[in-house]
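Spelled out from the first residue to the last, the chains are:
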Amino acid sequence: MNPQAKLIFTISLLLGTAITTSSNHWIMAWAGLEINTLAILPLISKSHHPRAIEAATKYFLVQATASTLLLFSSMTNAWYTGQWDITQLTHPISCLILTSAIAMKLGLVPFHFWFPEVLQGAPLTTGLLLATVMKFPPITLFFLTSHSLNPTLLTCMAILSAALGGWMGLNQTQIRKILAFSSIAHLGWMTIIISFDPKLTLLNFYIYSLMTAATFLTLNSIKALKLTTLMTTWTKTPSLNAMLFLTLLSLAGLPPLTGFLPKWLIIQELTKQSMAPAATVISLLSLLGLFFYLRLAYCTTITLPPHTTNHMKQWHTNKPTHITIAILTTLSTMLLPISPLIYPLS
């Protein structure tokens, strides 16, 4: 892709995100989401592969539908209450439609169907944007309207997302699809707490973005897209693979790594809100996710490829690891000891 074109699309992406996150009027928020969608489409389809074109088409149709629902929700609320302010969403039908629209934008169950397919068709760097940056504006709208939304509906969607994200990821061999289902499961954890402590949702999103960025950039560096090729990368960059192993365990939420922090705080808050059964169920469902993270980690470091493998063993490279990957990996694994400092900042 032309560097000038890529620069324009990246600036548009940042502009759309900034407009949505800083607006307090529904029309401005909608305009920011539309700019975001139009900016990411060329980045998804830049390889001109049929799968990439299909992914871009699916993404456009789903996001256009979600934007239409969001606009319809805000117009319904304005019709009944005369308010266009995002925080003044009070009409129950508007709240229900908005919940559906944001769930579709994020890829929450039952509107998750598009996300694994789109992520599979996109390059790894674009996949990183889809899994992190593109989810920030809808999460912000969730944050601003959290006091108006139905907690029971959100809890049901969250538990279903955690269940389906863990269950569907078990049998995958494509790394991007595994990370897509991982994202759906993490969104379940963010959604279940948003009615009770919205700041905790944002903290969870920031830490999830940190760990996902470290994982995607590492996979992009070692050029691994399938579990079979991941097995042969150990000989190429042993230290990077060892750090990927820790990052994956952090994504799974194992202590004493960074990923344990949001899960710990969410379970604590749910227990305070007399929702111990929901906390127990979502904790047990996270074990499904732990299985496929361990599978990825096992393929990354513990197994050596068999002698009958069809993939050629790769030469050890002395190319230095990019500083961004080093910083993100360090943060993804070592933030838990300073958690008393992090939570008040959120």
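Remember, it's a predicted structure, so these values are computed and weren't measured experimentally. (Residues numbered from 1 in each chain as written. Predicted model: local features only at pLDDT ≥ 70, side-chain atom pairs only at ≥ 80, totals over all residues. Heavy atoms only, no water.)

Moving on to the overall build of the chain. Each helix and strand in the chain was counted, giving 16 helices and zero strands. Taken over C-alpha atoms, the radius of gyration comes to 20 Å for the chain, in line with the 20 Å a tight globule of 346 residues would show. With the C-alpha coordinates aligned to their principal axes, the bounding extent of the chain is approximately 70 × 50 × 35 Å. Looking at the chain as a whole, 53% of its 346 residues are labelled buried. Split by element, the accessible area of the chain, about 15,300 Å² in all, is 71% carbon and sulfur. Positive and negative side-chain charges of the chain, numbering 17 and 6 respectively, have mean locations separated by a distance of 18 Å. (Helix = DSSP H or I, 4+ residues; strand = E, 2+ residues; numbered from the N terminus. Rg over C-alpha atoms; globule rule 2.2 N^0.38 Å. Buried < 20%, exposed > 50% of the residue type's maximum accessible area, 1.4 Å probe, protein only. Areas by Shrake-Rupley, 256 points an atom, 1.4 Å probe, with all protein chains shown as cover. Lys, Arg positive; Asp, Glu negative; His and termini not counted. Charge placed at Lys NZ, Arg CZ, Asp CG, Glu CD.)

Okay, the domain arrangement of the chain next. Along its sequence, the chain is organised into domain 1 (1-123) and domain 2 (150-345). Of the roughly 1,500 Å² buried between domain 1 and domain 2 on both sides combined, carbon and sulfur atoms contribute 74%. On the domain 1 side of the contact with domain 2, Leu-108, Val-109 and Gln-120 bury the most area, a combined 39% of that side's loss. Residues Lys-177 and Glu-117 are paired through a salt bridge, measuring 3.4 Å at the closest nitrogen-oxygen approach. At the junction of domain 1 with domain 2, the criterion picks out five residue pairs in polar contact (both at pLDDT 80 or more). Listed by contribution, the elements that provide at least two residues to the side of domain 1 that touches domain 2 are helix H4 (92-106) and helix H5 (114-121). Looking at the side of domain 1 that touches domain 2, the element that brings in the most residues is H5, giving five residues. Grouping the amino acids of the side of domain 1 that touches domain 2 by side-chain chemistry returns eleven nonpolar, four polar and one charged. (Domains from an automatic or database assignment. Buried area = accessible area lost by both parts, 1.4 Å probe. Salt bridge = Lys/Arg side-chain N within 4 Å of Asp/Glu carboxyl O. Polar contact = N/O pair within 3.5 Å; in protein donor to acceptor, adjacent residues only side chain to side chain. Nonpolar A, V, L, I, M, F, W, Y, C, P; charged D, E, K, R; others polar.)

Moving on: the UniProt feature "transmembrane region" (unreviewed entry) in the chain. Summarizing the sequence annotation, UniProt attributes the feature "transmembrane region" (unreviewed entry) to residues 59-79, 91-115, 152-171, 178-196, 202-219, 240-261, 281-304 and 325-343 in the numbering used throughout. Helix makes up 85% of residues 152-171 and strand makes up 0%, while its end C-alpha atoms are separated by 30 Å. (UniProt positions renumbered as here; feature names shortened; annotations may be inferred.)

In this section: unusual backbone geometry. Of the consecutive residues Val-109 and Pro-110, the connecting peptide bond is found in the cis state with omega at 10°. A cis amide bond links Pro-255 to the next residue, Pro-256, at an omega of 5°. The phi angle at His-48 is positive, at roughly 60°, despite the residue not being glycine. Turning to its location among the elements, His-48 is positioned in the loop between helix H2 (26-44) and helix H3 (50-81). Phi at Lys-223 takes a positive value of approximately 55°, unusual for a residue other than glycine. Checked against the element boundaries, Lys-223 lands in the loop between helix H10 (198-222) and helix H11 (227-231). The exposure class of Lys-223 is exposed, given its relative accessible area of 60%.

Right, let's talk about the pattern of salt bridges for a bit. Applying the stated criterion across every chain, the model contains three salt bridges. Here Lys-58 and Glu-117 are joined by a salt bridge, their closest N and O atoms 3.9 Å apart. Of this pair, Lys-58 sits in helix H3 while Glu-117 sits in helix H5; the two residues are 59 residues apart in sequence, bridging distant segments of the chain. By relative accessible area, which is 29% here, Lys-58 ends up partly exposed.

Before going further, it helps to spend a moment on the state of the cysteines. Within the structure shown, the criterion is met by zero disulfides. Cys-156 provides the cysteine sulfur closest to Cys-95, a residue in no disulfide bond, and the two sulfurs are 17 Å apart. You can call Cys-95 buried: its relative accessible area is 7%. (Disulfide = S-S within 2.5 Å.)

On to the packing of aromatic side chains, then. Here the structure, examined in full by the defined rule, presents eight aromatic pairs. Judged by centre distance (5.0 Å) and plane angle (45°), the rings of Phe-292 and Tyr-293 are tilted. A connected cluster of aromatic rings, assembled from ring pairs, spans Phe-136, Phe-205, Tyr-206 and Tyr-208. Above the face of the Phe-115 ring, Lys-135 is positioned so that its terminal group lies 3.9 Å from the ring centre. A cation over an aromatic ring shows up here: Lys-263 above the ring of Trp-189, its NZ or CZ 5.1 Å from the ring centre. (Phe/Tyr/Trp six-rings, centres within 6.5 Å; stacked < 30°, edge-to-face > 60°. Lys NZ or Arg CZ within 6 Å of the ring centre and 35° of its normal.)

Residues Ile-44, Tyr-59, Leu-130, Leu-219 and Leu-230 are the most contacted members of the largest nonpolar core, which totals 98 residues. Sort the elements by how many residues they give to this core and H10 lands first, with 13 residues. Leave out the neighbours within four places in its chain, and Leu-130 touches Ile-40, Ile-44, Tyr-59, Phe-115, Val-118, Leu-119, Ala-122 and Lys-135. (Core = buried A, V, L, I, M, F, W, Y, C linked by side-chain atoms within 4.5 Å. Contact = heavy atoms within 4.5 Å.)

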